[in-house]
Amino acid sequence: MAGVELRQLRYFVAVAEELNFGRAAARLLIAGPSLSQQIKALERDLGVRLFDRDRRSVSLTPAGADLLPHTRALLERADDLRGRARRLSGSQPVRLGYVNWLPADLTRRTAAVAQVHVDAWVAPSHTQAARVADGSLDLAVCWVRNEDLKRHGLRARLLGADRLYAVARSTDAGEPSTAPAVSAVSVGDTDVLIDDDVTSWASWNAYGEELTRATGARAVRISDGAVTGPAFFDHVRRCRRPVLNSPKGQTTPLPSDLVRREVVAPKVYWTWSLVRRESEERAGVLGVVDALCDGVGADGLGIHAPDAWLPADDPHALPR
């Protein structure tokens, strides 16, 4: 019974009303063989035969006739639930902010819960967290620490994680940047760009400074905002060591004179949290959090592996 889908029940009702697979398929706008396969799958999952059929006729079995009114009632309840969800989504818009990443299937996962409005102002993590705290946003996808959550009165659920890598000069100018066998580099042998502009880079700077203290990576101070973007590559060319790439940081293709290198010992991760106010009680907002975060596990993302590194104050880090 676990495999039964609502669409299969709708197919059952259509065939029961038409008593003809061809007419039912045309009504449902699907192919006749597909309809027949779905009915067979439904019968298998239910453990009963719903129709007697031969080349000339289709008729309900006693079991099919008995189940038909219950199926119609179940479909009516499902339609009522869908309607209630639509009314809820229309009455409770949820304002969502982000930094530079959102789940690709966000709309599909939240459509039945609330109407999500993605805020057009793309801002740094610390800014988006503060906007949730002051009520400008209901939710934000950002990087936060426990101290940020406590200061702002927020709660965080794990939504995703990036494993960071390094970018380095190629040892061979003719080596393509997509070469499959580029050696890994220990994080202690990398450089981390720390920008003087704390308005834009406060979160990255806090992350990078802790990383350098914990792993021996070297902090390189810059003042041009080139933690990401094409100018980042200029810093890579000037540095004599591989440079750690920021999360979701490069949409510009890697130049041919540079290569991507895996970072190990340890593997370095950046987490994405979905944050909300501690006092939030609206069903639409809480429903969006559950819709996006249920099923997201630290184990699946690799952030709790023995060779993984997260900042000590990351809300998703294991206690040390």
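None of these values were measured; they are calculated from a predicted model.

1. Section: the environment of Val122
Then step 1. With respect to the helices and strands, the residue Val122 is situated in the loop between β4 (116-118) and α6 (125-133).
Then step 2. Along the chain, Val122 and Lys267 lie 145 residues apart, while their C-alpha atoms are 28 Å from each other.
Then step 3. Beyond its immediate sequence surroundings of up to four residues, Val122 is in contact with Tyr98, Val99 and Gln128.

2. Topic: the state of the cysteines
Working definition: the covalent bond between the sulfur atoms of two cysteines is a disulfide.
Then step 1. Throughout the structure, instances matching the rule amount to zero disulfides.
Then step 2. Of all cysteine sulfurs, the one in Cys293 lies closest to Cys142, which takes part in no disulfide; the gap is 11 Å.
Then step 3. Taking the relative accessible area as the measure of exposure, Cys142 reaches 0% and is therefore buried.
Then step 4. Residue class for Cys293 comes out buried when judged on its relative accessible area of 3%.

3. Thoughts on the side chain of Asp191
Then step 1. With respect to the helices and strands, Asp191 occurs in strand β9 (residues 191-195).
Then step 2. Given a relative accessible area of 0%, Asp191 falls into the buried group.
Then step 3. Polar contacts involving the side chain of Asp191 include one to the side chain of Arg218, which spans 2.9 Å.
Then step 4. At 3.0 Å, the side chain of Asp191 forms a polar contact with the side chain of Arg241.
Then step 5. Apart from the residues within four sequence positions on either side, Asp191 is in contact with Arg218, Val220, Cys239, Arg241, Pro242, Val243 and Leu244.

4. Some thoughts on the pattern of salt bridges
Then step 1. Tallying each qualifying case throughout the model produces 28 salt bridges.
Then step 2. Overlapping salt bridges, with partners in common, bring together Glu17, Glu18, Arg23, Arg27 and Arg72 in one network.

5. So, unusual backbone geometry
Then step 1. Residue Pro266 follows Ala265 across a cis peptide bond; omega there is 0°.
Then step 2. In this fold, Pro266 is placed in the loop between β12 (258-264) and β13 (267-277).
Then step 3. Here the phi dihedral of Leu19 falls at roughly 50°; this positive angle occurs in a residue that is not glycine.
Then step 4. Residue Ala265 is not a glycine yet carries a positive backbone phi of 55°.

6. Description of the pairing of β12
Then step 1. In this sheet, β12 lies alongside strand β7 (residues 165-169) in antiparallel orientation, the contact comprising five bridges. Bridge assignment links Val167 to a residue of β12, and that residue is Arg260.
Then step 2. Pairing between strand β8 (residues 185-186) and β12: two bridges, direction parallel. For Ser186, the partnering residue across the bridge sits in β12 and is Val264.

7. Points about the packing of helix α1 (residues 6-18) against helix α2 (residues 21-28)
Think of two packed helices as two axes; the pair is described by the angle between the axes and how far apart they sit.
Then step 1. Running from amino to carboxyl end, α1 crosses α2 at an angle of 130°, the nearest separation of the two axes being 8 Å. Accordingly, the angle class assigned to the pair α1 and α2 is oblique. α1 and α2 meet at a crossing whose hand is right-handed. Two secondary-structure elements touch here, α1 through Tyr11, Ala14, Val15, Glu17 and Glu18 and α2 through Phe21, Arg23, Ala24, Arg27 and Leu28.

8. Some details on α2
Then step 1. For α2, the complete set of buried residues consists of Phe21, Ala24 and Ala25. One side of α2 holds all its buried residues, which, seen down the axis, span an arc of 100°.
Then step 2. Its buried side turned inward, α2 meets α1, α3 (32-46), β1 (51-53) and β2 (58-60).
Then step 3. For α2, the capping residue at the N-terminal end is Asn20, with a side-chain oxygen 2.9 Å from the backbone nitrogen of Gly22.
Then step 4. Leu29, located one to two residues past α2, shows a positive phi value of around 60°.

9. Focus: the nonpolar core
Then step 1. Leu139, Trp204, Tyr207, Leu211, Val268, Leu274 and Val288 are the most contacted members of the largest nonpolar core, which has 58 residues in total.
Then step 2. Residues contacting Leu139, with those up to four places away along its chain left out, are Val94, Arg95, Leu96, Gly97, Val132, Leu274, Val275, Arg276, Val285, Val288 and Val289.
Then step 3. Judged by nonpolar contacts, the second largest core, of 19 residues, contains Phe12, Val15, Phe51 and Leu75.

Basis of the calculations
Residues numbered from 1 in each chain as written. Predicted model: local features only at pLDDT ≥ 70, side-chain atom pairs only at ≥ 80, totals over all residues. Heavy atoms only, no water. Helix = DSSP H or I, 4+ residues; strand = E, 2+ residues; numbered from the N terminus. Contact = heavy atoms within 4.5 Å. Disulfide = S-S within 2.5 Å. Buried < 20%, exposed > 50% of the residue type's maximum accessible area, 1.4 Å probe, protein only. Polar contact = N/O pair within 3.5 Å; in protein donor to acceptor, adjacent residues only side chain to side chain. Salt bridge = Lys/Arg side-chain N within 4 Å of Asp/Glu carboxyl O. Pairing = 2+ DSSP bridges. Axes fitted to C-alpha atoms, helices over the stretch in contact; angles between N-to-C directions. Parallel < 35°, antiparallel > 145°, perpendicular 65-115°, else oblique. Left-handed = near helix turned anticlockwise from the far one by under 90°. Arc of directions from axis to C-beta. Core = buried A, V, L, I, M, F, W, Y, C linked by side-chain atoms within 4.5 Å.

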